[in-house]
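Analysis of the macromolecular model
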2 protein chains.
Amino acid sequence: MSSPESNAPVPVPVAPGLIRLAVDCMGGDHGPSITLPACRAFLAAHPEAGLLLVGQPEALKEARSWPRCEIVPASEVVTMDDPVEVALRRKKDSSMRVAIQQLKAAEGEQPRAQACVSAGNTGALMAVSRYLLKTLEGIDRPAIASVMPNQTGGFTTMLDLGANVDCSAEHLLQFAVMGSALVSAVEGKAEPRVGLLNIGEEMIKGNETIKRAGELLRAADAAGQINFHGNVEGNDIFKATADVVVCDGFVGNVALKTAEGLASMISTFIRIEFSRNLLTKLVALLALPILQRFKSRVDHRRLNGAALLGLKGLVFKSHGSADAVAFETALNRAYDAARNRLLDRVHDRIIATLQAMPATADASLPGESGGAGDKAASAAHAA
Amino acid sequence: MSSPESNAPVPVPVAPGLIRLAVDCMGGDHGPSITLPACRAFLAAHPEAGLLLVGQPEALKEARSWPRCEIVPASEVVTMDDPVEVALRRKKDSSMRVAIQQLKAAEGEQPRAQACVSAGNTGALMAVSRYLLKTLEGIDRPAIASVMPNQTGGFTTMLDLGANVDCSAEHLLQFAVMGSALVSAVEGKAEPRVGLLNIGEEMIKGNETIKRAGELLRAADAAGQINFHGNVEGNDIFKATADVVVCDGFVGNVALKTAEGLASMISTFIRIEFSRNLLTKLVALLALPILQRFKSRVDHRRLNGAALLGLKGLVFKSHGSADAVAFETALNRAYDAARNRLLDRVHDRIIATLQAMPATADASLPGESGGAGDKAASAAHAA
């Protein structure tokens, strides 16, 4: 997908090469009180970027005079508790839906935005995105990718983080390819090292699906499509053993939430110990700059902005509870992905992989054997 | 299993009610240099406990004069890298194997020890334990249970942590029952709250196996066999939402290693920031007692000693890299389990559950449909 051309029929003046993000300003726990300050900071930092601010015009009126901005009206809001069905079938004029809609081009035109960002609920965002955008050719299941901090001071990208509870080996291969495209686009690494999350490094570890995924990933490496490091374990996420860690959505979600829970407990413990009495509070005062530097290393706000990969459009999900700094991080990630043509990269890499590994292509036709195989597996499991 | 009687034919004087542990003194990364000091401290702290120290007599000679101790010779050592086959078929006089053997009673006699502790490699320990001890009636698959710290200052018990990569709903029910028995025996909680690890709290979350496991756990709760809290997420492990968190071994192992990796990274970051320059080192000196109190809250040495549950004998696994303090923790856990009759409790609870829920009994005959179902599921997955 290329950037909009200067003669595209858009109602605000758009410079050639301008990249625009569609922002669901109403989503998340806090809505415009968080999203608007983040958008304003983003615009100031990116003179070559534009925003489509989607939501109730009354709630967004302070942004009317902002440069490179347009308010796109949407009368409804998908709440954090709304079931997927409500977002999909009832609230057809929601800010979430209208924001995603901006990624779709009218006949013969360019899309109005190159990426979309929402802090709305994950299930609804994925469902509406899939419905409106459809999946890319060669992708069975879109996946959610996000980053974890690692001890080099950089990030490890993980996927899937919860979109797919059952995955076949072919799905895991697709995740590896999409994750590689994401890291190469956003972090500029040409050949990101891919690790397969397992319970041991040896090839014989894991269940049948994982072992078969290992074979596919080795074959994709041999075919020059990915840079496969091998199996990694949970602790490798933080050791930067791989740039991309691939797993099914159940395992990925558990790993992510486990890490969040532990980090939160540790920060509580540090606070408790440093505020135990007057003396410890005094030491805390002295240690404040040190503790802040420590905290910034693991600040979850630096990690905000998960990519929904495998769709015909770039959708980024912010944490629902994000503050303005965190939401701006999500905007930055979406912007980096758009200007580095992540959509083209995912598309090209998947097509190249399918051509290099025709045996995996059959399983990759949307809605076919992958899904059915999983259902059979589940039925066998439950029997 | 009751404690050995005073007339049992053991070669050292044994007081009535004495509980003995068999210790694989050669296992782990460090062998006797760690296990012997831990055993000595354990004996000093528990005047009513005895130890069978298993290993090469020359390496254990300093313990010859210790009270309530007997050296049991074993000529071989299972290394941390030995494949399961080597431990099982080649090294038949290994300290690991001989230690486990002490849990088996000769015809008409009491077993020589009530629990066994080894820091040897997990795969070998589980395989040799299964081979020598066999599984309890009503248990398809033994599981590995260990504890994570939680923010109440207590522990959350998790299982399975890696023994079983594929689990059926019936296996997860068995884990719930065994974990409840463990927590009630070791922590004295009569009705431990059980949580099912999932990717959301709602009943509709998860794959088919997890949803079916949720149904079984609700039924077991209704039948008065367990105290089922419901679904929990990864972060709940540290929030003490449940006393026992049940999951398959793949997910459990990833969660455990993820937590270990994050904790290790955070401790590295704290060290780096406090040793950045002379000034920060000075503050570190002042903050030392605070940092030590913080550290003791998450000290992995307090968490050492995983239980291999579901066998006809109590086997506890220490971390291979455990120091003497950590190894002593594992001895303490094994001792608590033995004197609180964990083996009887697991047996009684499983039998009661099967009687209360006869529909789950078919799947629970050792070596039958559970395992076969999993193979079918794996085949379907890989197809």
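Residues numbered from 1 in each chain as written. Chains lettered and ligands numbered in written order. Predicted model: local features only at pLDDT ≥ 70, side-chain atom pairs only at ≥ 80, totals over all residues. Heavy atoms only, no water.

1. Focus on the overall build of chain A
Applied cut-off: Comment: elements are numbered from the N terminus, with helices defined as DSSP H or I runs of at least four residues and strands as E runs of at least two. The buried label goes to any residue with under 20% of its type's maximum accessible area, the exposed label to any with over 50%, and the partly exposed label to all in between, with areas taken from a 1.4 Å probe on protein chains only. Residues count as neighbours in contact if any of their non-hydrogen atoms are within 4.5 Å of one another. Computed with the Shrake-Rupley method and a 1.4 Å probe, the accessible areas treat only the protein chains shown as cover for residues.
The helix and strand inventory of chain A stands at twelve helices and eleven strands. Taking all 383 residues of chain A together, 59% fall into the buried category. Considering only intrachain contacts with a sequence separation of at least 6, the fraction spanning at least 24 residues in chain A is 69%. Summing over all exposed atoms, chain A offers an accessible surface of approximately 14,900 Å²; the carbon and sulfur share of this is 54%.

2. A closer look at the pattern of salt bridges
Convention followed: Salt bridges are identified by distance alone: a Lys or Arg side-chain nitrogen within 4 Å of an Asp or Glu carboxyl oxygen.
Enumeration over the complete set of coordinates arrives at 37 salt bridges over all chains. Residue Asp243(B) is joined to Lys189(B) by a salt bridge in which the shortest nitrogen-to-oxygen separation is 2.9 Å. Taken together, the residues span a long stretch of sequence, with Asp243(B) in the loop between α7 (236-239) and β9 (244-246) and Lys189(B) in the loop between α5 (169-187) and β7 (193-197) at a distance of 54 residues. Residue classification places Asp243(B) among the buried positions, given a relative accessible area of 6%. For Lys189(B), a relative accessible area of 32% gives the class partly exposed. Arg339(B) is the salt-bridge partner of Asp336(B), the closest N and O atoms lying 3.0 Å from each other. With Asp336(B) and Arg339(B) both in helix α10 (residues 324-339) and three residues apart, the pair spans about one turn of that helix. Three or more residues joined by partner-sharing salt bridges are found here, namely Glu187(A), Lys189(A), Arg193(A) and Asp243(A).

3. Topic: the relation of the copies chain A and chain B
What counts is decided by this rule: A least-squares fit on C-alpha atoms brings the copies together, and the residues used are those whose pLDDT is at least 70 in both copies.
If you rotate chain A by 180 degrees and push it 0.0 Å along the axis, it lands on chain B with an RMSD of 0.0 Å. Viewed as a symmetry operation, the transformation between the two copies matches a two-fold axis. When the interface residues of chain A are mapped onto chain B, 98% of them again lie at the interface, so the same face is used by both copies.

4. A word on the sheet that holds strand β1 (residues 19-24) of chain A
Pairing between sheet strands relies on hydrogen bonds along the backbone, with the strands arranged either parallel or antiparallel. Residue and element names in this part refer to chain A. For clarity, the cut-off: The rule for pairing is simple: two strands pair if DSSP sees at least two bridges between them. In this analysis an axis means a line fitted to C-alpha atoms, helices contributing only their contacting stretch, and an angle means the value between N-to-C directions, from 0 to 180 degrees.
Reading across from one edge, β3-β2-β1-β4-β11-β10-β5-β6-β9-β7-β8 is the order of the eleven strands in this open sheet, with mixed pairing throughout. Looking at which strands have only one partner, the edges of the open sheet turn out to be β3 (69-73) and β8 (227-232). Between one strand axis and the next, the sheet turns by 25 degrees as a mean value, whatever way the strands run. One ladder, built from four bridges, connects strand β4 (residues 115-118) with strand β11 (residues 314-317); its direction is parallel. Note on β11: the bridge partner recorded for Val-117 is Phe-316. Sitting on the sheet, helix α5 (residues 169-186) touches β5 (143-149), β6 (155-159), β7 (193-197), β9 (244-246) and β10 (306-309), and the angle it makes with β9 is about 160 degrees. Across the face of the sheet, helix α8 (residues 249-274) comes into contact with β5, β6 and β7 while running at roughly 30 degrees to β5.

5. A word on the confidence of the model for chain A
All names here are of chain A. Threshold: Scored from 0 to 100, pLDDT records how confident the predictor is in each individual residue.
Per-chain confidence: chain A averages 87 in pLDDT, with 90% of residues scoring 70 or above. The lowest-confidence element of chain A is helix α12 (residues 369-382), averaging 33 in pLDDT; the highest-confidence one is β9, averaging 98. Long-range and interchain partners of residues 1-15, a stretch whose pLDDT sits below 50, account for 23 contacts in this model, where long-range means more than four residues apart. Within the model, the stretch residues 362-383 combines pLDDT values under 50 with 41 contacts to residues more than four positions away or in other chains.

6. Observations regarding unusual backbone geometry
All names here are of chain A. For the bond from Leu-159 to Asp-160, the omega torsion is 0 degrees, close enough to zero to count as cis. A positive phi angle, close to 50 degrees, is found at Arg-68, a residue other than glycine. Residue position: Arg-68 is located in the loop between β2 (49-55) and β3. Although it is not a glycine, Arg-341 adopts a positive phi angle of roughly 50 degrees. Considering the arrangement of structural elements, one finds Arg-341 in the loop between α10 (324-339) and α11 (342-356). Residue classification places Arg-341 among the partly exposed positions, given a relative accessible area of 42%.

7. Topic: the interface of chain A and chain B
The line we're drawing: Polar contact is the term for a pair of N or O atoms within 3.5 Å; when the atoms are in protein, one must be able to donate a hydrogen and the other to accept it, and sequence-neighboring residues count only if both atoms are side-chain atoms. Any residue that is not Ala, Val, Leu, Ile, Met, Phe, Trp, Tyr, Cys, Pro, Asp, Glu, Lys or Arg is counted as polar, Gly included; the first ten are nonpolar and the last four charged.
Residue-level contacts link 61 residues of chain A with 61 residues of chain B. At the boundary of chain A and chain B, one finds six salt bridges. Close ionic contact of Arg297(A) with Glu273(B) constitutes a salt bridge, the shortest N to O distance being 2.8 Å. In this structure, the connection of chain A to chain B is made through eight residue pairs in polar contact (both at pLDDT 80 or more). Looking at the side of chain A that touches chain B, the elements with two or more residues in it are α6 (208-222), α7 (236-239), α8, α9 (278-297) and α12 of chain A. Here the side of chain A that touches chain B takes 19 residues from α8(A), the largest share from any one element. The residue inventory of the side of chain A that touches chain B, partitioned by class, reads 33 nonpolar, 18 polar and ten charged.

8. So, the packing of α9(A) against helix α8 (residues 249-274) of chain B
For the record, the criterion: Crossings are sorted by hand: turned counterclockwise from the far helix by less than a right angle, the near helix makes the crossing left-handed, and turned clockwise it makes it right-handed.
Contact geometry for α9(A) and α8(B): axes closest at 9 Å, N-to-C directions at 140 degrees. For the pair α9(A) and α8(B), the crossing hand works out as right-handed. When α9(A) is examined against α8(B), the residues Ala287(A), Ile290(A), Leu291(A), Arg293(A), Phe294(A) and Arg297(A) are found in contact with a partner set consisting of Ile266(B), Phe269(B), Ile270(B), Ile272(B), Glu273(B) and Phe274(B). When the residues that make up the contact of α9(A) with α8(B) are grouped by side-chain class, the tally is nine nonpolar, no polar and three charged.

9. Regarding the pairing of β4(A)
All names here are of chain A. Burial along β4 is two-sided: the residues Ala-115 and Val-117 and Cys-116 and Ser-118 are all buried. Bridge count for β1 against β4 is four bridges, and the pairing is parallel. Looking across to β4, one finds that Asp-24 is bridged to Ser-118.

10. Some thoughts on the side chain of Arg97(B)
The criterion, for reference: Counted charges follow a simple rule, with Lys and Arg positive, Asp and Glu negative, and His plus the chain ends left uncounted.
Looking at the element boundaries, Arg97(B) is found in helix α3 (residues 95-101). Although Arg97(B) lies buried, it forms no salt bridge, and the closest oppositely charged side chain, Asp93(B), sits 8.0 Å away as judged by the N-O distance.

11. Some remarks on the nonpolar core
To be explicit about the condition: Here the nonpolar core consists of buried residues drawn from Ala, Val, Leu, Ile, Met, Phe, Trp, Tyr and Cys, with membership extended through side-chain atoms lying within 4.5 Å.
By size, the foremost hydrophobic cluster in this structure holds 246 residues, and its most contacted members are Leu53(A), Phe274(A), Leu53(B), Phe274(B) and Leu342(B). For Phe274(A), the residues in contact, after removing those within four places along its chain, are Thr280(A), Lys281(A), Val283(A), Ala284(A), Ala287(A), Leu291(A), Ala287(B), Ile290(B) and Leu291(B).

12. Thoughts on the packing of aromatic side chains
Aromatic rings in a pair are described by how distant their centres are and how their planes are angled relative to each other. The criterion, for reference: Planes of paired rings set the category: under 30 degrees apart is stacked, over 60 is edge-to-face and the rest tilted, where pairs are Phe, Tyr or Trp rings (Trp by its six-membered ring) whose centres lie within 6.5 Å. Definition used: whenever NZ (Lys) or CZ (Arg) falls within 6 Å of the ring centre and also within 35 degrees of the ring normal, the charge is taken to sit over that ring.
In this structure the tally under the stated criterion is two aromatic pairs over all chains. Judged by centre distance (5.6 Å) and plane angle (80 degrees), the rings of Phe42(B) and Tyr335(B) are edge-to-face. Taken together, the positions of Phe42(B) in helix α1 (residues 32-45) and Tyr335(B) in helix α10 put the pair 293 residues apart, joining distant regions of the chain. Against the face of Tyr131(A) rests Lys134(A), its NZ or CZ located 4.9 Å from the ring centre. The ring of Phe269(A) has Arg297(B) sitting right over it, with the charged end atom 4.6 Å from the ring centre.

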